[in-house]
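Per-entry structural report
These are the residues of each chain, in order.
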Amino acid sequence: MPINGQTKVVGIIGDPVKHSLSPQMHNVAFKHLNLDFVYIPFHVKPESVGEAIKGMRALAMVGLNVTVPHKIEVMKYLDEVSPDAKAIGAVNTIFFKDNKCIGDNTDGRGFIRALIEDEGIIIAGKSVVILGAGGSARAIGHSLIKDGVGRLIFCNRTVSKAESIAGSFQSMGISVAGMGIIDSRDEIAQADMIINTTSIGMKQGDPLLINPEWIRKRQIVYDIIYSPPETLLLQAAKARGARVMNGLGMLIHQGALAFEIWTGCPAPVEVMRNVFP
Ligand code: NAP
């Protein structure tokens, strides 16, 4: 649909942003449903986040995605944040409701939707180890707890961060703990699912954070990295007989949830998935 005076504008702010696959994914989906929307990437430096949100209001945009490194900083410029975004402490989707600029976080819900819809995996009662204690670990951990995970262990290079994130979820009524990755052998061996949320595995030559011999047959190993599609961790887990999956499903479903918030229409998930070779 050609851009015209009524076209609704959404987009993404990040630094950098040129690598983002979201514009392609959303614009294909708008075209497929014949929606008069356009999605634009905006390279916004950290010192300009507040100005960007002001600009978004002034330009009457419908919403924004927010990516690294602005997911936390952006919160101070919003009128409200959703309960999920508040618990996670970060925003990845902004929308307007009743003239208020509201921040939400679809990363954790996107992860769960990818597990259920793409893989048929039910999380209730499972024992899960999360490698990492950054923003995505917090988002995924929060959603896993909401979905009834049985036991949750955060394992991180910086132990204090793993302990702190676990401590913040203690009141949600499940067994949750934090520890160092190097001490995680027994927890990994006993887990139903191991999720890598660190950035280790993106670059060629990145090491394995865990000893692959700790991984058992029939465990689920999920790496939220999607480029490369098969990290060293996934290769090692596959060789051990584990069921493996990468972060593409999470990327698509967090985007699909944002799409639904902005447009009110169910997202054409398969059309969005087909963007990726
Ligand atoms: P973040 O908040 O910066 O957290 C990074 C994590 O990686 C921390 O736990 C950090 O440990 C760990 N780490 C970094 N370098 C390390 C090293 N050399 N050795 C061991 N651990 C190391 O990042 P994030 O926002 O959670 O994102 C993490 C990854 O997830 C990125 O690769 C991102 O692209 C991916 N991601 C994917 C999706 C998706 O839709 N598939 C969505 C969001 C993010 P310390 O605390 O010790 O520094």
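See above for the structure.
Conventions adopted
- Residues numbered from 1 in each chain as written.
- Predicted model: local features only at pLDDT ≥ 70, side-chain atom pairs only at ≥ 80, totals over all residues.
- Heavy atoms only, no water.
- Pairing = 2+ DSSP bridges.
- Helix = DSSP H or I, 4+ residues; strand = E, 2+ residues; numbered from the N terminus.
- Axes fitted to C-alpha atoms, helices over the stretch in contact; angles between N-to-C directions.
- Buried < 20%, exposed > 50% of the residue type's maximum accessible area, 1.4 Å probe, protein only.
- Right-handed = clockwise from strand over helix to strand, strands pointing away.
- Core = buried A, V, L, I, M, F, W, Y, C linked by side-chain atoms within 4.5 Å.
- Contact = heavy atoms within 4.5 Å.
- Phe/Tyr/Trp six-rings, centres within 6.5 Å; stacked < 30°, edge-to-face > 60°.
- Lys NZ or Arg CZ within 6 Å of the ring centre and 35° of its normal.
- Lys, Arg positive; Asp, Glu negative; His and termini not counted.
- Salt bridge = Lys/Arg side-chain N within 4 Å of Asp/Glu carboxyl O.
- Polar contact = N/O pair within 3.5 Å; in protein donor to acceptor, adjacent residues only side chain to side chain.

**With respect to the sheet that holds strand β11 (residues 220-223)**
The strand order across the open sheet formed by 6 strands is β9-β8-β7-β10-β11-β12, and the pairing between neighbours is parallel. Two strands close off the open sheet at either side, each with one partner strand: β9 (175-180) and β12 (243-245). Looking at each pair of strands side by side, their axes are set apart by 15° on average, direction ignored. Two elements, strand β7 (residues 127-131) and strand β10 (residues 193-196), share 4 bridges in a ladder whose sense is parallel.

**Topic: the pairing of β11**
Put simply, side chains in a regular strand alternate between the two faces of the sheet. Burial of β11 is two-sided: the residues I220 and Y222 facing one way and the residues V221 and D223 facing the other way are all buried. Relative to β11, β10 runs parallel, the two being bridged by 4 bridges. What sits directly across from M193, in β11, is I220. Note: β11 against β12, 3 bridges, orientation parallel. Looking across to β12, one finds that Y222 is bridged to M245. Note on the crossover from β11 through helix α8 (residues 232-239) to β12: the handedness is right-handed.

**Brief notes about the nonpolar core**
Soluble, globular proteins show a tendency: their nonpolar side chains are buried together. Counting 29 residues, the largest nonpolar core has F111, L144, L152, F154 and I195 as its most contacted members. Counting residues per element, the ones that place at least two in this core are α4 (107-119), β7, α5 (135-146), β8 (151-156), α6 (159-169), β10 and β11. Beyond its immediate chain neighbours, meaning those up to four positions away, L144 contacts F111, I112, I123, V128, I130, V149, L152 and I195. Counting 23 residues, the second-largest nonpolar core is a separate cluster that includes V17, F259, M272 and V275.

**Remarks on the packing of aromatic side chains**
The final tally for this structure, using the stated rule, is 5 aromatic pairs. Members of the aromatic cluster, connected to one another through ring pairs, are F30, F37 and F259. Stacked on the ring of F169, the Lys or Arg R138 has its end atom at 5.5 Å from the ring centre.

**A word on the side chain of R138**
Assignment of secondary structure puts R138 in helix α5. Of the side chains with opposite charge, D84 lies nearest to the buried R138, which makes no salt bridge, at 11 Å. Engagement of the side chain of R138 in a polar contact is seen with the backbone oxygen of A87, the distance being 3.4 Å. Each residue touching R138, except ones within four places of it in the same chain, is listed here: A87, I88, I165, S168 and F169.

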